[in-house]
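Chain by chain, the residues run as shown.
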Amino acid sequence: MAEGTNWEDNRPESAGNGGSGASVRDALFDRVPPHDDDAEMAVLGGMLMSKDAIGEVSQMIDEADFYQPKHQTIYDAIITLFSASQPVDVVLVANKLLADGDLDKVGGADYLHSLVASVPTAANATYYAEIVHQRAILRNVIAAGTKIAQLGYSAEGSQAEDVVNLAQAEVYEMSVGKVRQDYTAIGPVVHDALDQLDKLQQGLVNKGVPTGFRDIDDVTQGLQPGQMIVVAGRPAMGKSTLGIDFARAAALHHGLTSIVFSLEMSKVELAQRIISAETNIPLVALRRADDDNLTPERWTTLNNFWDKMRNAPLFIDDSPNMSLMEIRAKCRRLKQTNDLKLVVIDYLQLMTSGKHVESRQQEVSEFSRALKLLAKELEVPVVALSQLNRGPEMRNDKKPQLSDLRESGSIEQDADVVFLVHRPDFYDKEDRPGEADIIMAKHRNGPTETFHLAFLGATSKFKDMPQDYNANQGV
């Protein structure tokens, strides 16, 4: 078996060595794209000989990894039979191909027999599958490089940053093995949805990224992958605190990799808030840092907290003037290296695109849409903090509404969930002191609700109210 076959070798273009596919030349490079016909044949031969080989190989490669179209067709027939729990051998695969009208296209039953004859044992099928997979990756590299080069030649100067982002997206998709597909039949989609429901019911997969708040998690089932969640409020209302609470719950209490992009506060300020929230040591004590505030007992608490935090999967980035392209690049890298699960951006109106736009409203609209696309691409929830305009302060009850989102109506359109932070005691110290209303003004996949939380300003965090709070309030 020519396991060391180099794709640059000049192979004889005969019917027995791969049909018309082997003679297709890459017009740009005038070379045959990387592939190994012998390895592809050995994989299929092993699968026809052993069900165990089918199970192992199907975990490593898929139909698109084969270079020869006829090998793709044979692989698909084998997987179809295997998935239906039917036996697999040369005769049954030939019958399947005949029923689908594909037997003659792949070279007939004789070619299937030649696949089995080409390998003495199925034991090495996974080894050959790895060769097939590596050649497929090389073809993807060439395809991505060609597309990036075309983008570079066709773009105008003002589009340079957009081209860089598209190039990063191409490389990211290639590196994680994603294949773009324009459409999918409803059958497989419904099957996947039902399979997901079954796994959720059995507790085999997490429902979503937990927020750390009982009632919010009950309604949302956690922050869902692919969602854009907006947390909005007037200045000093506590929107940053709520965003950090989400990140703390995910990273420190559930071990889910999270990143906070802080365009407003420094790393040290954020760290102080997190320390205060986790240890219940007042924030003012950490800032004064004198003997009266940092007692030996509190130092013991801080040292114990450090031991717990040392390897916590929480990342903080306070780079100034951060552009959207930087955020996307860093998120993609974290997704690859640390399996990123949650992104928090504080806050939307402080982001910059680095290019000339007609209006600030248009720029914020672009940010909003791009963050939603980023959430879908990386399959993580993106929490974007946002300012509200002065609308609430013009009302008698001071309560915010969805229409108060500042500078862009597209934020409310793109968001899957919108939380509006409202603290009555901010305007009147006698009005429900220490309480906060988290108004879910939009929930694309469920009902809206108002959640009542306690606001602990001294330690910079929100906290669940007692279970019987709503009953006591007559709600």
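Note that the structure is predicted; figures quoted are calculated from it, not measured.

What counts, and at which threshold
- Residues numbered from 1 in each chain as written.
- Predicted model: local features only at pLDDT ≥ 70, side-chain atom pairs only at ≥ 80, totals over all residues.
- Heavy atoms only, no water.
- Helix = DSSP H or I, 4+ residues; strand = E, 2+ residues; numbered from the N terminus.
- Buried < 20%, exposed > 50% of the residue type's maximum accessible area, 1.4 Å probe, protein only.
- Contact = heavy atoms within 4.5 Å.
- Areas by Shrake-Rupley, 256 points an atom, 1.4 Å probe, with all protein chains shown as cover.
- Pairing = 2+ DSSP bridges.
- Axes fitted to C-alpha atoms, helices over the stretch in contact; angles between N-to-C directions.
- pLDDT = per-residue confidence, 0-100.
- Left-handed = near helix turned anticlockwise from the far one by under 90°.
- Nonpolar A, V, L, I, M, F, W, Y, C, P; charged D, E, K, R; others polar.
- Parallel < 35°, antiparallel > 145°, perpendicular 65-115°, else oblique.
- Phe/Tyr/Trp six-rings, centres within 6.5 Å; stacked < 30°, edge-to-face > 60°.
- Lys NZ or Arg CZ within 6 Å of the ring centre and 35° of its normal.
- Expected span 1.5 Å × (residues − 1).

**Some details on the overall build of the protein**
Now for step 1: Looking only at helices and strands, one finds 18 helices and 9 strands in the protein.
Now for step 2: Residues counted as buried form 46% of the 475 residues belonging to the protein.
Now for step 3: Sequence separation of 24 or more characterises 67% of the internal contacts of the protein that already satisfy a separation of 6 or more.
Now for step 4: With the model as given, the accessible surface of the protein reaches about 24,300 Å², and the carbon-plus-sulfur share is 50%.

**Structural notes on the sheet that holds strand S3 (residues 314-317)**
Now for step 1: With mixed pairing, the 9 strands of this open sheet are ordered in space as S3-S2-S4-S5-S1-S6-S7-S8-S9. Unpaired on one side and paired on the other, S3 and strand S9 (461-464) mark the two borders of the sheet. Geometrically, the sheet is characterised by an average inter-axis angle of 25° between neighbouring strands, direction not taken into account.
Now for step 2: Bridge count for strand S1 (residues 228-233) against strand S6 (residues 417-422) is 4 bridges, and the pairing is parallel. The residue bridging alanine 232 from the neighbouring strand is leucine 420, located in S6.
Now for step 3: Running at roughly 145° to S3, helix H11 (residues 267-279) makes contact with strand S2 (258-262), S3 and S9 of the sheet.

**A few points about the confidence of the model for the protein**
Now for step 1: Chain-level statistics for the protein give a pLDDT mean of 80 and a share of 85% at 70 or above.
Now for step 2: Taken element by element, the predicted model of the protein shows its lowest mean pLDDT in helix H18 (residues 469-472) (53) and its highest in helix H4 (residues 90-99) (91).

**Thoughts on the packing of H4 against helix H5 (residues 108-117)**
Now for step 1: Between H4 and H5, the least distance of the axes is 10 Å, while the angle of their chain directions is 145°. Considering how the two elements wind past one another, H4 and H5 form a crossing that is right-handed. Contacts between H4 and H5 pair Val90, Val93, Ala94 and Leu97 from the former with Ala109, Leu112, His113 and Val116 from the latter.
Now for step 2: Partitioning the contact of H4 with H5 into residue classes produces 7 nonpolar, 1 polar and no charged.

**Topic: the packing of H11 against helix H13 (residues 296-309)**
Now for step 1: One can describe the packing of H11 onto H13 by two numbers: an axis separation of 11 Å at closest approach and a directional angle of 110°. Classified by the angle between their axes, H11 and H13 sit roughly perpendicular to one another. Seen from H11, the contacting residues are Ile274, Ile275, Glu278 and Thr279; seen from H13, they are Thr301, Leu302, Phe305, Lys308 and Met309.
Now for step 2: Counted by class, the contact of H11 with H13 contains 5 nonpolar, 2 polar and 2 charged residues.

**Comments concerning the packing of aromatic side chains**
In this description, a pair of aromatic rings is defined by centroid distance and the angle of the planes.
Now for step 1: One pass over the full model with this rule turns up 5 aromatic pairs.
Now for step 2: Taking the centre distance of 5.1 Å and the plane angle of 45° together, the rings of phenylalanine 66 and tyrosine 75 count as tilted.
Now for step 3: For phenylalanine 66, a relative accessible area of 1% corresponds to the buried category.
Now for step 4: Given the relative accessible area of 5%, tyrosine 75 is considered buried.
Now for step 5: Plain terms: the ring middles of tyrosine 127 and tyrosine 128 are 5.6 Å apart, the flat faces sit at 75° to each other, and that makes the pair edge-to-face.
Now for step 6: Assessed through its relative accessible area of 42%, tyrosine 127 is described here as partly exposed.
Now for step 7: What links up through ring pairs into an aromatic cluster is the set Phe213, Phe246 and Phe419.
Now for step 8: Here the basic side chain of lysine 70 rests over the ring of tyrosine 111, its NZ or CZ set 3.9 Å away from the ring centre.
Now for step 9: Cation over ring: arginine 423 sits above phenylalanine 455, and NZ or CZ is 4.2 Å from the ring centre.

**Examining H11**
Now for step 1: Its 13 residues place the ends of H11 18 Å apart at the C-alpha level, agreeing with the 18 Å of an ideal helix rising 1.5 Å per residue.
Now for step 2: Among all positions in H11, only Leu270, Gln272, Ile274, Ser276, Ala277, Glu278 and Thr279 are buried.
Now for step 3: Looking at the packing, one finds that the buried side of H11 touches helix H10 (239-254), S2, helix H12 (283-288), H13, S3 and S9.
Now for step 4: Phi turns positive, to about 65°, at asparagine 280, one or two residues after H11.

**Describing the environment of alanine 144**
Now for step 1: Locating alanine 144 in the fold gives a position in helix H6 (residues 125-154).
Now for step 2: Here the alpha-carbon distance between alanine 144 and glutamate 170, two residues 26 residues apart in the chain, equals 6.1 Å.

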